[in-house]
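Examining the three-dimensional arrangement
Residues per chain are reported as follows:
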Amino acid sequence: MTAKTIGILVTGHSPAELTSEYGNYADMFAALLGDFDFSFKRYFVVDGEFPASPTEVDGWLLTGSKFGVYEDHEWIRKLEDFIRQVHAAKVPMVGICFGHQVMAKALGGEVEKFKGGWSAGPVTYKRSDTGEEQVLLAWHQDQVIKVPEGGEVVGKTDACENAVIRYGDWGLSYQPHPEFSPRFFEGLAEARKAAIPETLFEKVKKVEVPIATDRIAKEIGEFLARDR
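In what follows, the accompanying structure is described. Just so it is clear, the model here is predicted, and its values are computed rather than measured.

**A short note on the side chain of Ser 65**
- By the element assignment, Ser 65 lies in the loop between strand S3 (59–62) and helix H3 (74–89).
- Using a relative accessible area of 19% as the deciding quantity, one classes Ser 65 as buried.
- Side-chain polar atoms of Ser 65 contact the backbone oxygen of Thr 11, separated by 2.7 Å.
- A distance of 3.1 Å separates a polar atom in the side chain of Ser 65 from the backbone nitrogen of Phe 67.
- In this structure, Ser 65 is in contact with Thr 11, Gly 12, Trp 75 and Phe 98, ignoring residues within four places of it in sequence.

Put into structure tokens, the structure is as follows:
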């Protein structure tokens, strides 16, 4: 079997003070999927670097970002158009956090800043497709409030109804961050603690529970590796 090439669409930069130890978001996804026979191409779409074609790789992965999908940036609108091209070409795609939200928005869903506030730190995700409860690391206030046609919600939390969405054979997206290690998350929380309420920061600044990283890495890898 020929090794598959996965294009990582990088939609944000990790905090500069953490990159020497943990790399950028694309590096984290390459590490997350290290058990699979993938090669990776990186496209920093946040800086205007886009692929020439939706079919130039075997699968796509969208990262998280500090930006909101509703913000008025040319690269976000261009990314939405590219997602629609990928969807039409039936090249598989996986989205994480911002990637989860922008996939939904590109296909007709709606995203907004959640009035109930932030989800941060270890959060329990209830999966209707597998029956599992998975603890994963969250860092978001925005969330998908309307799922596009063709999307099926297969995971939720008490504060996020549309946390994992499956788009048939084509797409899979997650609101949480399976690529974040507990130590990276602690560094991220410290670097960006001004963004969240102080009381929430005090609750999440140390990750002291097991995270279901391996389970989600397997799910994402198998989804992208599957022949269609």
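**So, the layout of surface pockets**
- Counted as a void, the largest pocket has a volume near 440 Å³.
- Along its surface, the largest pocket is lined by 25 residues, and Ser 65, Lys 66, Phe 67, Trp 118 and Trp 139 are the ones closest to its centre.
- Going through the elements one at a time, helix H4 (98–106) and strand S7 (133–140) are the ones with two or more residues in the lining of the largest pocket.
- Among the residues forming the lining of the largest pocket, the class breakdown is 11 nonpolar, nine polar and five charged.

Rules and cut-offs
- Residues numbered from 1 in each chain as written.
- Predicted model: local features only at pLDDT ≥ 70, side-chain atom pairs only at ≥ 80, totals over all residues.
- Heavy atoms only, no water.
- Helix = DSSP H or I, 4+ residues; strand = E, 2+ residues; numbered from the N terminus.
- Buried < 20%, exposed > 50% of the residue type's maximum accessible area, 1.4 Å probe, protein only.
- Polar contact = N/O pair within 3.5 Å; in protein donor to acceptor, adjacent residues only side chain to side chain.
- Contact = heavy atoms within 4.5 Å.
- 1 Å grid on protein atoms, 1.4 Å probe; cavity = no way out; pocket = protein on both sides within 12 Å on 5 of 7 lines; lining within 4 Å.
- Points joined across faces, edges and corners; volume = space filled by probe spheres on them.
- Nonpolar A, V, L, I, M, F, W, Y, C, P; charged D, E, K, R; others polar.

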